[in-house]
Amino acid sequence: MSASYRAATRAALFYLVFCVVWLQLSGYLLNSFFDDSVEASRWQLINGYAWLLFSAGFVFFARARLMRCLGVAAKQRVNPQDRERLRQAAAVFDCTREGVLVTDREGLIVHVNPAFMHITGYQREEVLGKRPNLFKSGRHSADFYQAMFATLESESEWSGEIWNRRKSGEIYPQWQTIRVIHDDLGQRSHYVAVFSDISAIKHSEQERMHLAHYDPLTDLPNRLLFTDRAKQALTSAQLHKRGCALLLIDLDHFKMINDSLGHTIGDQLLKAVAERLKAMFEPGITLARLGGDEFAVLAENCPQVEQAAALARRIIDGLKQAFPIDGHQLFINTSIGISLFPADALSAEQLLRNADSALFKAKSAGRNDYALYTEELTAHAQQRVETSFELRHALDQEQLRVYYQPVHDLRTSRLIGLEALVRWEHPQRGLVSPAEFIPIAERTGLIAEIDAWVMQQACRQMCQWQKAGRGLAFVAVNISSRLFARRELYEQVARVLHETGLDPACLELEVTESAVMEDPEVALEQMYRLRELGVQLAIDDFGTGYSSLLRLKRLPVQKLKIDQGFVAGLPWDEDDAAIVRVIIALAQSMGMQVHAEGIEQAEQAAFLLEHGSQLGQGYWFGRPVPAEQLVWAPQHL
Ligand code: C2E
Ligand code: MG
Ligand code: MG
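Along every chain, residues carry numbers that run from 1 in the direction the sequence is written. For naming, the first written chain is A and the first written ligand is 1, with later ones following in the order written. Residues qualify for local features only when their pLDDT is at least 70, as the model is predicted, and side-chain atom pairs are given and counted only at 80 or more; totals for whole chains, interfaces and linings, by contrast, use all residues. Side-chain metrics rest on all non-hydrogen atoms present in the structure, leaving aside hydrogens and water.

**Quick look at the overall build of the protein chain**
Argument step 1. Assigned secondary structure in the protein chain consists of 23 helices and 22 strands.
Argument step 2. The atom set for the radius of gyration is the C-alpha atoms, and the globule formula is 2.2 Å times the number of residues raised to the power 0.38. For the protein chain, the C-alpha radius of gyration of 49 Å lies well beyond 26 Å, the compact-globule estimate for 637 residues.
Argument step 3. Counting only C-alpha atoms and orienting by the principal axes, one finds that the protein chain spans roughly 180 × 70 × 45 Å.
Argument step 4. Any residue under 20% of the maximum accessible area for its type is buried, any over 50% is exposed, and the rest in between are partly exposed; the area is computed with a 1.4 Å probe on protein chains only. Going through the 637 residues of the protein chain one by one, you find that 45% of them count as buried.
Argument step 5. In this analysis, two residues are considered to be in contact whenever any of their non-hydrogen atoms come within 4.5 Å of each other. The contacts of the protein chain with a sequence gap of at least 6 include a subset with a gap of at least 24, amounting to 62%.
Argument step 6. A total accessible area of about 33,900 Å² is found for the protein chain, and carbon and sulfur atoms account for 54% of it.
Argument step 7. Positive charges come from Lys and Arg, negative ones from Asp and Glu, while His and the chain ends are left out of the count. Charge coordinates come from a single atom per side chain, which is NZ of Lys, CZ of Arg, CG of Asp or CD of Glu. Across the protein chain, the 66 positively charged side chains and the 78 negatively charged ones have centroids separated by 10 Å. By the criteria applied, helices consist of DSSP H or I runs no shorter than four residues and strands consist of E runs no shorter than two, each listed in order from the N terminus. Calculation of accessible area relied on Shrake-Rupley with a 1.4 Å probe; when residues are assessed, cover is drawn exclusively from the protein chains displayed.

Written out as C-alpha cells, the structure reads:
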C-alpha cells in the first residue's frame, strides 16, 4: 500500500468521525434553538438558521475534501492485474542490463536502477539529488549538449551515442535514450534516461576492422591494407618527388614444408619469417603478408634501383639463416620481384602487377634471387649490390691500393706533387676503377673509411719521400662529397696529420666542384675549419659544377683543377680552348693556382703553359702507379 493511499484513508476516516461529531453537536444545538416547549425568541431563531447555513457550508466543504481524498486513493487503487504489471515493471527496472536514471523536472536525480550502479560504478546515495552532468566525459562540445536538449524540447525524446565517465574516471561510450515524462496536467514532471554500455561493441568493431585489415596468423597488414598504404605512399611520393620500391617476397618450395611437416609447422614458419622480416626493417618500410607464403614490402624512400636491390639481397640473406621450429632446423630460400615507382609504374595496382611479373622472372631464373621488373636493370643492379657486399670486406682483407699520379710544374717540368688515387685489387676481377666503386662506397657509407685509409697511406708515404729528399711540394687526396659535408672530416684529417707527423702544408685536399656547390654554406664552414689545420684546398673537376662566381670568391681555396673534359679538346677545339682560357683568367684574378688534369699530349701541356696554367697532370706525364713504380725524372715539353 502506497503512502498517498494510506494518507487518503486516514483523511477520510478523520472527516467521517468529524462529521459524526459535528452532526451530534448540531442536533443538540438545533434542538435547543427550535425547542417547541420553550417559546423561541427571535434571536434564537436567527442563531439556529445561521448554524444550519454554516453547517451546510461546512458539510459541503468537508464532502468535497473527502471526495478528493477518496478520488486520489481511488486512482491509486489498482486492480490485481495492474499490480501484477507494476511488479513486472519493477522487476524489469531492477533486472535490466540497461542503466536507468530518472530526474525530476529540475534535472536532479531521483532514481537509478542497479544496472546504472553497475555501469557507472556509483552507488545510489552518491548520485541522488545530483545532476547528470556528474558523468560528463568532456569528450563532447557544448554544441552537442545544446542539440540534445533542443531535440528533447521539440520531440520529448533523444537517442544517440554519448561518452560518459565512470566513477573510476574511465571514459566509455553508451547508447542512450532520454524521454520527457509529463503529468496528468501535461506538465513536464520527470526525465528518464535509459542507456547501455557499448564499449564492448566498440571494441569488437575495432576487432572486426583489425581482422579485415590484418592477417590473423602473422598480424601483418593484409593485401587490402597494403594496397591502401601503397596508394597513400605513392601520392606522397609524387608530391615530394621521391622514388618508392615494391618488393614481392615468395618463399621457395614452402609447399614442401607444408606437405612434409604439416600445416602447423608451416604456420609457425610463416610466423617466424614475419617476425624476422619485421625486425629487419626500419620505419618507412611497410611489410605485409599478401597470402600463403607471399609477403610484400614497400620502401617509401628508395630512389635508386641499387637501394631496392640491396634491400632484396638483405632480405634473401636474412631469411637464409635457419629457423628453429619445433625441434627442426628449417632452411628456406627466397625469391623476390621488384618494381619501382615511378620508373616502372605509377599506380599501386600496376606496381604490384609488375612486381609479380618480376617475381615470376626470379623464380623462372632458378629462384633464391631477386629480379627487377625492368630486365636490363637487373644485371646492372645485381653487380652493384654484389660489389657493395664485397667492398665491405675489401678494406679488412687489404685489397685496396693507393696509386700515385705525378703532377708537374709546367714551367720547369719538374715533378712537384702527386695525387693519391685509390684502386681495388679484386681477387677475381683484377684492378677495379674507383669510378666504379667510389659511388657505391658513398651510398653504403663506407667512403669515410676508404678516404681515411687513403689519406693515412698518402701522408705516411709523403713522409717517406720527404725523408728520401724527393723535394715534393704536396700530396693530394680526394675527399668524397659525402664525407665533405660531415663534421667528422675535420677530426679525421687532424688525426691523420697527428699520427703521421706530416707538415699540414704538404697535404692537399681535393673536393669536387659539385660537392662544394651542393651546400655552399656548409662547404664554406668546413673549408675554413680545414684551413685552420694548415692544409691546402683544391677544387677538383672545375668547370663541371656550375659554380657561382660570388661563392667561389669567398672560398678559402688555393687551387682550381681544370676538368680533363676541357683539356681533352685542346688546343684545337675552340670552345674548350675558350673555357680553359676563362678558367685560368678567373683563377688568376682570385689569386688561385691553376692545375690542369688529363694532359695526354705535349700540345695540350704547351697550350696550358702558354695561357698561364702552372701545374699539369695526365698520362703524358705519367699514369697513376704504385709508389715504388714512380719515375722521378722531369718531363720536358
Ligand atoms: P679525379 O680526382 O679527377 O682523378 C683523376 C682521374 O683521371 C683519375 O682516374 C686518373 O687516373 C684519371 N686521369 C689522369 N690522367 C689522365 C689522362 O691523361 N687521361 C685520362 N683519360 N684520365 C686521366 P681514377 O683514378 O680512375 O679516379 C677517378 C675518380 O675517382 C677521381 O677523379 C676521383 O674523383 C675518384 N677517386 C679516386 N681515388 C679516390 C679516393 O681515394 N677517394 C675518393 N673520394 N675519390 C677518389
Ligand atoms: Mg682528384
Ligand atoms: Mg679530377
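That covers the picture; the talk isn't over yet.
**Re the coordination of the magnesium ion (ligand 3)**
Argument step 1. Here the term donor refers to an N, O or S atom within 2.8 Å of the metal (or 3.2 Å for Na, K and Ca), and because water is left out of the atoms, sites may appear incomplete. Within the first shell, the magnesium ion (ligand 3) binds the protein through Asp 540 (OD), Asp 541 (OD), Glu 597 (OE) and Glu 597 (OE), at distances of 2.0 to 2.7 Å.
Argument step 2. Written as a sequence motif, the donor arrangement for the magnesium ion (ligand 3) is D-D-x55-E.
Argument step 3. A separation of 4.0 Å is found between the magnesium ion (ligand 3) and the magnesium ion (ligand 2), both of which receive a donor from Asp 540.
Argument step 4. The class for Asp 540 is buried, based on a relative accessible area of 6%.

**Notes on the pattern of salt bridges**
Argument step 1. Basic side-chain nitrogens of Lys or Arg form a salt bridge, by our definition, when they fall within 4 Å of a carboxyl oxygen of Asp or Glu. Taken as a whole and assessed by the stated rule, the structure comprises 28 salt bridges.
Argument step 2. One salt bridge in this structure joins Glu 84 and Arg 87, with 3.1 Å as the shortest N-O distance. Of this pair, Glu 84 and Arg 87 both sit in helix α3 (residues 80–95), three residues apart, roughly one helical turn.
Argument step 3. Among the residues examined, Glu 84 registers a relative accessible area of 36% and is labelled partly exposed.
Argument step 4. In this structure, Arg 429 engages Glu 436 in a salt bridge whose closest nitrogen and oxygen atoms are separated by 2.3 Å.
Argument step 5. Look at Arg 429 and you get partly exposed, because its relative accessible area is 36%.
Argument step 6. Bridged by salt links that share partners, the residues Asp 250, Asp 252, Lys 363 and Arg 367 form one connected network.

**Things to note about a nonpolar patch on the surface**
Argument step 1. A grouping of Leu 13, Leu 16, Val 17 and Val 21 is seen on the molecular surface, where their side chains present a nonpolar patch of about 390 Å² in accessible area.
Argument step 2. The topology assignment puts Leu 13 in helix α1 (residues 3–33). A patch consists of residues whose relative accessible area exceeds 30% and which take part in no salt bridge; residues with like charges are grouped when within 9 Å of each other, and nonpolar side chains (Val, Leu, Ile, Met, Phe, Trp, Tyr) when within 5 Å.

**What to know about the site of ligand 1**
Argument step 1. With respect to spatial proximity, 23 residues lie near ligand 1, and among them Arg 423, Asp 451, Asn 478, Gln 564 and Glu 600 are the closest.
Argument step 2. Each polar contact in these results corresponds to two N or O atoms within 3.5 Å; when the atoms are within protein, one needs to be able to donate a hydrogen and the other to accept it, and residues that are neighboring in sequence are counted only if both atoms are side-chain atoms. A distance of 2.7 Å separates an oxygen atom of ligand 1 from a polar atom in the side chain of Gln 564.
Argument step 3. Glu 600 places a side-chain nitrogen or oxygen 2.5 Å from a nitrogen atom of ligand 1.
Argument step 4. Considered on its own, ligand 1 offers 790 Å² of accessible surface; in the complex 84% of this is hidden by protein.
Argument step 5. At the level of secondary structure, the elements contributing two or more residues to the shell around ligand 1 comprise β14 (415–426), α14 (434–444), α15 (447–467) and β18 (536–542).
Argument step 6. Of the residues forming the shell around ligand 1, the biggest block, four residues, is contributed by β14.
Argument step 7. Taken together, the residues of the shell around ligand 1 break down into eight nonpolar, seven polar and eight charged. Consider each residue's heavy atoms; a residue with any of them within 4 Å of a molecule or strand counts as near. Side-chain classes follow a simple rule in which Ala, Val, Leu, Ile, Met, Phe, Trp, Tyr, Cys and Pro form the nonpolar group, Asp, Glu, Lys and Arg form the charged group, and the remainder, Gly included, forms the polar group.

**Side note on the nonpolar core**
Generally speaking, a soluble globular protein has its nonpolar side chains buried in company with each other.
Argument step 1. The definition of a nonpolar core used throughout is a set of buried Ala, Val, Leu, Ile, Met, Phe, Trp, Tyr and Cys residues joined through side-chain atoms within 4.5 Å. Ranked by size, the top nonpolar core spans 79 residues in total, and within it Tyr 404, Val 493, Leu 507, Leu 509, Ile 562 and Leu 608 carry the most contacts.
Argument step 2. Once residues lying within four places of it in the same chain are set aside, the contact partners of Val 493 are Met 455, Leu 507, Leu 509, Leu 530, Leu 533 and Val 535.
Argument step 3. Ile 257, Leu 277, Ala 299 and Leu 372 belong to the second-largest nonpolar core, a separate cluster that totals 39 residues.

**Some remarks on the pairing of β18**
Argument step 1. In terms of burial, β18 is a largely internal element, five of the seven residues being buried.
Argument step 2. Two strands are counted as paired when DSSP detects at least two bridges linking them. Relative to β18, strand β17 (residues 507–512) runs parallel, the two sharing five bridges. Bridge pairing in β18 places Glu 508 opposite Gln 536.
Argument step 3. Pairing analysis gives three bridges linking β18 to strand β19 (residues 559–562), with the strands arranged parallel. Among the inter-strand pairings, Ile 539 is bridged to a residue of β19, identified as Leu 560.

**Thoughts on the packing of α15 against helix α17 (residues 488–500)**
Argument step 1. Between the N-to-C directions of two axes lies an angle of 0 to 180 degrees, each axis being a line fitted to C-alpha atoms and, for a helix, fitted only over the stretch in contact. For the pair α15 and α17, interaxial distance at closest approach is 10 Å and the crossing angle is 30°. With respect to α17, the axis of α15 lies roughly parallel. Considering the relative orientation of α15 and α17, their crossing is right-handed. Only Glu 488, Gln 492, Val 493, Val 496, Glu 499 and Thr 500 of α17 make contact with α15, whose side of the interface consists of Ala 448, Ala 452, Met 455, Gln 456, Cys 459, Arg 460 and Cys 463.
Argument step 2. Partitioned by chemical class, the residues of the contact of α15 with α17 number seven nonpolar, three polar and three charged. Any angle that falls under 35 degrees is termed roughly parallel, while one over 145 is termed roughly antiparallel, one within 65 to 115 roughly perpendicular, and all others oblique. Throughout, a crossing is termed right-handed when the near helix is turned clockwise from the far one, and left-handed when it is turned anticlockwise from it by less than a right angle.

**What about the side chain of Lys 559?**
Argument step 1. Tracing the sequence through the fold places Lys 559 in strand β19.
Argument step 2. A polar side-chain atom of Lys 559 sits 2.8 Å from a polar atom in the side chain of Glu 508.
Argument step 3. In this structure Lys 559 touches Phe 474, Glu 508, Leu 537, Ala 538, Ile 539, Met 592, Gln 593, His 595 and Leu 615, once residues within four positions along its chain are discounted.

**A few points about the coordination of the magnesium ion (ligand 2)**
Argument step 1. For the magnesium ion (ligand 2), the protein coordination sphere consists of Glu 419 (OE), Asn 478 (OD1), Glu 510 (OE) and Asp 540 (OD), at 2.0 to 2.2 Å.
Argument step 2. All donors to the magnesium ion (ligand 2) come from one chain, and their sequence spacing reads E-x58-N-x31-E-x29-D.

**Description of the packing of helix α10 (residues 263–280) against helix α11 (residues 305–320)**
Argument step 1. Running from amino to carboxyl end, α10 crosses α11 at an angle of 135°, the nearest separation of the two axes being 10 Å. Classified by the interaxial angle, the pair formed by α10 and α11 is oblique. Between α10 and α11 lies a crossing whose hand is right-handed. Taken together, the residues of α11 that come into contact with α10 (itself represented by Val 273, Arg 276, Leu 277 and Met 280) are Arg 314, Ile 315, Gly 318 and Leu 319.
Argument step 2. Here the contact of α10 with α11 is built from residues that sort into five nonpolar, one polar and two charged.

**A few points about the environment of Phe 360**
Argument step 1. For Phe 360, the position within the fold is in helix α12 (residues 348–364).
Argument step 2. Overall, Phe 360 belongs to the exposed group, its relative accessible area being 61%.
Argument step 3. A sequence separation of 23 residues divides Phe 360 from Gly 337, and the C-alpha atoms of the two residues are 7.3 Å apart.

**Points about the sheet that holds strand β4 (residues 171–182)**
Argument step 1. Here five strands make up an open sheet; going across it, the order is β2-β1-β5-β4-β3 and the pairing antiparallel. Looking at the sheet topology across the chains shown, the edges are occupied by β2 (109–112) and β3 (157–165). The sheet shows a mean angle of 25° between the axes of neighbouring strands, taken without regard to direction.
Argument step 2. Taken together, the three bridges between strand β1 (residues 99–104) and β2 define a ladder with antiparallel strand orientation. For Leu 101, the partnering residue across the bridge sits in β2 and is Val 112.
Argument step 3. The strands touched by helix α6 (residues 142–155) are β3, β4 and β5 (188–197); relative to β3, the strand with the most contacts, the crossing angle is about 150°.

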